[in-house]
Amino acid sequence: MLILHTSDTHLGYAQFDLEEREKDVYDAFSEIIETAVKDRVDAVVHAGDIFHIPKPAGRPLVRLGEGIKTLREHGIRFYFTLGEHDILRMRGTPSALLFQRLGLATYVGDGEPVIDGDLMVVGFHKRRTIEIEELLEGFGRADEAAKAHPEKKRVVVIHQGLLECHPYGEITANDLPRHFDYYAMGHLHDHAERRFERLAGPVCYPGSIDPTPSEGIREFKKGFFLVDLSGSEARPEWVGLKSSRQQFRFEVEYPRLRQEMERIRKEIEERSLQKKPVVLVRVKGQEIDNAKVAASISALRDICLYPDWEPILEGGPAGQEVLMDRPADIQEEMLRLAAMALGDDKRAYFAVRELLPLLERGEKEEALDLVNKAYESSRFGRVAR
Ligand SMILES: [Mn+2]
C-alpha cells in the first residue's frame, strides 16, 4: 500500500499579490496530483491548510475540485483535515467540506476513524492552545481504535506543531497516540521526519508546497511524502517538487554595486531556470542611495519575476534595521520584533500569535483566561515573589 502525504498547500495564496505566484502554487499542487496518479498511490492524505484563507475565491476552490476529480477518476481516495488557515475566525462550514458533502473526498478531522479496506485513517483539525485538552482526549480515543485494529495500516492526520520539531509547538511527541503506523502531520512549513521510541511509526511534516508569507525570500526545497505501508514498518520518502519557482538571496557591498549586480545577473543566467526567480538583494554599506539601488535592482526585471532589496546597516546594535518596503509578512515581522524586544521566542509567540488575536477581537475574558492558564501552568517559568 502506498499513500501520498501533503499539507499546507495554501491554495489561493499569491506572494507579492502576483498572479504568477498564485499560479505557482497551483502548479505545485498539480504536480502532486500527477505524481499520485503516476505512482498509483492508494490514497492522498492532506494534513490541513488546504486554502490560504478560510473563504477562498473561486479559483482555489476549482483547483482543489479538479485535483480531487483527477484522483477519483483513478480510484484514489482523498482524505483531509483542516488547518487554522481553513477555519480561523470563521463561522459556519469550512469551504473544503463542500467536497466531503458531495461525497468526493473524506474529511477525517473530527477524530472519528474511517476504515476503507486495509487502511484506517483518523484525523484532527487544528486546535488552539486553549483547546489542547480536548485534542488530547481525542488522541486517547483514536489510540484505542488503533489498538483494536492491529491488522490495518493505521494513519493519523494532525495539524499541530510538535515541540520537538519547532520552538512554537503546542504539543509534544509524548502527547501523540502511540499505535499508528504513520503520523501525517501538517502545520510546519519546513519538512521534517522524526521517529520516537514510544510511537509505532514515523512522524512526518511534508512542509508547505511553495513559500508562504512567514517564510520570506530565501532558497528553498519543497515537496511531499510518498509512504510505503506494505511492509511491517512505514517507509516514508520525501519527494522534492520540480515545478517550483526558485528564490535567491544575494549579499552585495554597496560601494561595488555595479560589479555585484553584474555578478548576480551572470549567476542567475547560468542556472537556466524554467521560471524567472524571485530575488532578494541585501545591500551592505553606509549612506546608501536608495534611488540608485532601486534602479539597479529593477534592471534585473528581465530575468527575475520579482527583484527586491533591503539594506544591511553596519555599526548599529544587532537586529536594528530599517525596512525600506513593507515586509512581505507584517505578522511575521511583528513576531520577530517582539522576540527581539522580549529576548525570547516563546514569549513573543504567546504575545503576538495567541494573546493579540483575542484582544483584537475584543475577547477579553478569553484573553484573561489564556494569561491565567499560562501563569498557573508556569508556562514561562515561575515568578519570584
Ligand atoms: Mn500552513
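Provided above is the structure to which this section pertains.
Remember, it's a predicted structure, so these values are computed and weren't measured experimentally. (Residues numbered from 1 in each chain as written. Predicted model: local features only at pLDDT ≥ 70, side-chain atom pairs only at ≥ 80, totals over all residues. Heavy atoms only, no water.)

A. View of the sheet that holds strand E13 (residues 247-253). Read from one edge of the open sheet, three strands run E13-E14-E15, paired in parallel fashion. Of all the strands in the sheet, the pair left with one neighbour each is E13 and strand E15 (306-313). Strand-to-strand, the axes of this sheet are offset by a mean angle of 20°, without reference to chain direction. When E13 meets strand E14 (residues 278-285), the two strands line up parallel, connected through seven bridges. (Pairing = 2+ DSSP bridges. Helix = DSSP H or I, 4+ residues; strand = E, 2+ residues; numbered from the N terminus. Axes fitted to C-alpha atoms, helices over the stretch in contact; angles between N-to-C directions.)

B. Representation of the coordination of the manganese ion. Bound to the manganese ion are the protein donor atoms Asp-8 (OD), His-10 (NE2), Asp-49 (OD) and His-189 (NE2), situated 2.1 to 2.4 Å from the metal. Donor residues for the manganese ion sit on one chain with the sequence pattern D-x1-H-x38-D-x139-H. One end of the pair, His-10, is in the loop between strand E1 (2-6) and helix H1 (19-38); the other, His-189, is in the loop between strand E8 (182-186) and strand E9 (192-194), and 179 residues separate them in sequence. Pair check on accessibility: His-10 and His-189 agree, each one buried. (Donors = N, O, S within 2.8 Å, 3.2 Å for Na, K, Ca; no water. Buried < 20%, exposed > 50% of the residue type's maximum accessible area, 1.4 Å probe, protein only.)

C. Local environment of the side chain of Ser-243. Take Ser-243: it is sitting in the loop between strand E12 (235-240) and E13. Among the polar contacts listed, one links the side chain of Ser-243 to the side chain of Glu-31, at a separation of 2.7 Å. Setting aside anything within four residues of it in sequence, one finds Ser-243 in contact with Asp-27, Ala-28, Glu-31, Gln-274 and Lys-275. (Polar contact = N/O pair within 3.5 Å; in protein donor to acceptor, adjacent residues only side chain to side chain. Contact = heavy atoms within 4.5 Å.)

D. Representation of the packing of aromatic side chains. Under the defined criterion, the tally for this structure stands at seven aromatic pairs. On the basis of an interplanar angle of 85° and a centroid distance of 5.0 Å, the ring pair of Phe-124 and Phe-139 is categorised as edge-to-face. In this pair, Phe-124 is assigned in strand E6 (residues 119-124) and Phe-139 in helix H5 (residues 132-147), connecting sequence segments 15 residues apart. Using a relative accessible area of 2% as the deciding quantity, one classes Phe-124 as buried. Judged by relative accessible area, which is 2%, Phe-139 ranks as buried. A ring pair is formed by Phe-350 and Phe-380, whose centres lie 5.1 Å apart and whose planes are at 65°; its orientation type is edge-to-face. Residue Phe-350 is found in helix H9 (residues 345-360), and its partner Phe-380 is found in the segment after helix H10 (364-376); the two are separated by 30 residues along the sequence. Here Phe-380 falls in the partly exposed class, since its relative accessible area comes to 24%. Here a set of aromatic residues connected by ring pairs shows up, and it is made of Phe-78, Phe-80 and Tyr-107. (Phe/Tyr/Trp six-rings, centres within 6.5 Å; stacked < 30°, edge-to-face > 60°.)

E. Focus on the sheet that holds strand E5 (residues 114-116). Spatially, the six strands line up as an open sheet ordered E5-E6-E7-E8-E10-E9, and their pairing is mixed. With one partner strand each, in any of the chains shown, E5 and E9 form the two edges of the open sheet. Averaged over neighbouring strand pairs, the angle between their axes works out to 20° when direction is ignored. The pairing of E8 with strand E10 (residues 203-205) spans two bridges and is parallel. Within the sheet, the bridge partner assigned to Tyr-183 lies in E10 and is Val-203.

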